[in-house]
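Report on the structure
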Amino acid sequence: MSPHDVARTARLAVARAVYADVPLYDPKRAPVELDLTDNTNLWGVPPTAERVLREVAPSVITRYPSLYAADLKQALAEWLGVSPDMLVTGAGSDDVLDSAMRAFGDPGDRVAASIPTFAMVPIFAQMNGLAYTGVPETADHTLDVEALLATQPKILYVCTPNNPTGCVTPLATLRALATRHTGVLMIDEAYAEFAGVSAVQLVREFDRVLVVRTMSKAFGLAGLRIGYAIGQPALVTEVEKSRGPYKLTSLAERVAVAAVRDDMAWVQEHVALAVSLREQLAEALRARGFAPLPSGANFVCAAVPECVAVGQAMRARGVAVRPFPALPHIGDALRFSVGPWPLLERCLAAFDAAVAEVLPDRAAVVNAGASA
Ligand SMILES: *Cc1c(COP(=O)(O)O)cnc(C)c1O
């Protein structure tokens, strides 16, 4: 029985009504030899973080963690050039997003976001009894600003670079949204390190802008669950209330502090590598007659017909990428996480074989192009 089936059959009379349609998250991530579905860091853990992890004293485990991760806020504040009271942490940025929705949304309030975007956002909205409206992006993969504002949301969520497209929303657009939107603007920067641009400066101009970030992607620490957000003190205090104390484990906080203080060179080096390989992967897809979207993240998204079948055929060859069926203006698409080139070569070989099997017409075009 899949988690979905359990959720469907085990409805309890005592369950909250708003939870009736909340699915358990199931991104179909069955173990596979090469997993390029979740955009985590395929180069591993930064060296200082790994050393701290190995040397941790038992007392770190037996005692309770800090209440609100003051040490991590201090380390992040020094790195980002903000004050510690402008930061809130959480068990992954998922937890920060969820806590923020709970902090600012009264039951029934609206959350709006562009489509496509991060799959967890409508789930967090539902989990908090909020109404969710998705607004399809424009044909050139930018936000439909007028349509988003017209939904009059209490919370407006923007992901940049956007997951799953990789497209970056310009700072000017974000500033315009922050100016006109009367509620909270949540800017999810899970992949900002790979874009080399950030909206953090907007939190100084606007007291309703919350920039949410994570150590799960560029920092290679997804399993430890470390996320944070930046905003004006009054704003982050509300998120902190909703998050509650003791949310970050002692282990996670120690490792995160070490990574922020001493692993930045490693992180930057691997971000640069990921960016260069991202362009190499995009070029390889173009050479095969596909049209990857411009990406500011550590993944590449390209329209691929029959994406679910192609994904399954790749999985049968030991490689997983993430299919996104029927995206607006894009159609079926595959999202490829970027990692070391030998892994991407293996991925491309599986992709070629899958295309030959599922889309023989496309494969013929590719071969004709290659021999021309
Ligand atoms: C991966 C991802 C996150 C979150 O991750 P955590 O591991 O919970 O920090 C948040 N937003 C987007 C858009 C992501 O892709």
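Numbers given to residues run from 1 along each chain, matching the order in which its sequence is written. This being a predicted model, a pLDDT of at least 70 is required before a residue's local features are given, and a value of 80 or more before pairs of side-chain atoms are given or counted; all residues contribute to the totals for chains, interfaces and linings. Working from all heavy atoms in the structure, the side-chain values ignore hydrogens and water.

To continue, consider the environment of His181. Here His181 lies in the loop between helix H8 (171-180) and strand S6 (184-188). In this structure the C-alpha to C-alpha distance between His181 and Pro153, which are 28 residues apart in sequence, comes to 8.2 Å. Excluding residues within four positions of it along the chain, His181 makes contact with Leu149, Pro153, Lys154, Ile155, Leu156 and Arg208. Here the side chain of His181 touches Val184 through a polar contact of 3.0 Å, landing on its backbone oxygen. Under the scheme used here, helices are H or I runs from DSSP no shorter than 4 residues and strands are E runs no shorter than 2 residues, and both carry numbers assigned from the N terminus. By the convention used here, residues are in contact when the closest approach between their heavy atoms is within 4.5 Å. The definition of a polar contact used here is a pair of N or O atoms within 3.5 Å, where within protein one atom must be able to donate a hydrogen and the other to accept one, and adjacent residues in sequence count solely through side-chain atom pairs.

Moving on, we get to the domain arrangement of the protein chain. Residue ranges labeled as domains rest on an automatic or database domain assignment. Per the domain assignment, the segments making up the protein chain are domain 1 (28-42 + 265-371) and domain 2 (47-262). A separation of 27 Å is found between the C-alpha centroids of domain 1 and domain 2. Across the boundary between the two partners, domain 1 contributes 25 residues, which contact 27 residues of domain 2. Any carboxyl oxygen of Asp or Glu within 4 Å of a side-chain nitrogen of Lys or Arg constitutes a salt bridge here. Inspection of the domain 1/domain 2 interface yields 0 salt bridges. Those elements that place two or more of their residues in the side of domain 1 that touches domain 2 are helix H13 (264-287), strand S9 (299-303) and strand S11 (322-327). Here the element with the most residues in the side of domain 1 that touches domain 2 is H13; it accounts for 6 residues. Each residue is assigned to one of three groups, with Ala, Val, Leu, Ile, Met, Phe, Trp, Tyr, Cys and Pro labelled nonpolar, Asp, Glu, Lys and Arg labelled charged, and all others, Gly among them, labelled polar. Among the residues making up the side of domain 1 that touches domain 2, the classes are represented as 14 nonpolar, 7 polar and 4 charged.

Multiplying one less than the number of residues by 1.5 Å gives the expected span of a helix. End to end, helix H5 (residues 92-104) covers 19 Å across 13 residues, agreeing with the expected 18 Å (1.5 Å per residue, within 8%). A large share of H5 lies buried, amounting to 10 of its 13 residues. Each residue's exposure class comes from its accessible area (1.4 Å probe, protein chains only) as a fraction of the maximum for that residue type: buried when under 20%, exposed when over 50%, partly exposed otherwise. Taken together, the buried positions of H5 are Gly92, Ser93, Asp95, Val96, Leu97, Asp98, Ser99, Ala100, Met101 and Phe104.

On to the state of the cysteines, then. By disulfide we mean two sulfur atoms from cysteines, separated by a distance within 2.5 Å. In the structure shown here, the tally under the stated rule is 0 disulfides. A disulfide-free cysteine, Cys301 has its sulfur positioned 8.1 Å from the sulfur of Cys167, the nearest such atom. Note on Cys301: relative accessible area 0%, which makes it buried. With no disulfide partner, Cys307 has as its closest neighbouring cysteine sulfur the one in Cys301, 9.3 Å distant. Overall, the relative accessible area of 0% leaves Cys307 in the buried class.

Now for the sheet that holds S9. When DSSP finds two or more bridges between a pair of strands, those strands are recorded as paired. Pairing is antiparallel across the open sheet formed by 3 strands, whose spatial order is S9-S12-S11. This sheet does not close on itself; its edge strands, each paired only once, are S9 and S11. Sheet twist, expressed as the average angle between the axes of neighbouring strands with direction ignored, equals 25 degrees. Where S11 lies against strand S12 (residues 331-337), 4 bridges are found, and the strand directions are antiparallel. Counted as the bridge partner of Leu327 is Gly331 from S12. Packing against the sheet, helix H14 (residues 307-315) makes contact with S11 and S12, and its axis sits at approximately 35 degrees to S12. Axis lines are fitted through C-alpha atoms, for helices just across the contact stretch, and the angle between N-to-C directions can take any value from 0 to 180 degrees.

To continue, consider the layout of surface pockets. Of the voids in this model, the largest pocket is the one considered here, and its volume is about 1,100 Å³. Lining the largest pocket are 49 residues, with Tyr25, Pro27, Arg29, Ala119 and Arg322 positioned closest to its centre. Listed by contribution, the elements that provide at least two residues to the lining of the largest pocket are H5, strand S3 (110-115), helix H6 (120-127), H14, strand S10 (319-320) and S11. If you tally residues by element for the lining of the largest pocket, the top one is S11, at 6 residues. Counted by class, the lining of the largest pocket contains 26 nonpolar, 12 polar and 11 charged residues. Shared between two domains, the lining of the largest pocket holds at least three residues of each, these being domain 1 (28-42 + 265-371) and domain 2 (47-262). Put plainly, a pocket is an open set of points on a 1 Å grid over the protein atoms alone with protein on both sides within 12 Å along at least five of seven lines, a cavity is a set where a 1.4 Å probe fits but cannot get out, and a lining residue has an atom within 4 Å of a point. Grid points are joined across faces, edges and corners, and a volume is the space filled by probe spheres set on the points.

The local shell around the ligand holds 14 residues, among which Ser93, Tyr191, Thr214, Ser216 and Lys217 are the closest. One of the backbone N or O atoms of Ser93 is found 2.6 Å from an oxygen atom in the ligand. Between the ligand and Thr214, the relevant distance is 2.5 Å, taken from an oxygen atom to a side-chain nitrogen or oxygen of the residue. Accessible areas in this description were obtained via Shrake-Rupley with a 1.4 Å probe; residue shielding takes into account the shown protein chains only. The protein chains hide 93% of the 380 Å² of surface that the ligand would expose on its own. Pocket or cavity membership: a molecule qualifies when more than half of its atoms sit within 2 Å of the grid points of that site. With respect to the pocket detection grid, the ligand is positioned in the largest pocket. Sorting the residues of the shell around the ligand by element identifies H5 and strand S5 (155-159) as the ones contributing at least two each. Among the elements that line the shell around the ligand, the one with the most residues is H5, at 3 residues. Residue composition of the shell around the ligand, grouped by class: 5 nonpolar, 5 polar and 4 charged. Each residue is tested against the molecule or strand, and it is near if at least one of its non-hydrogen atoms lies within 4 Å.

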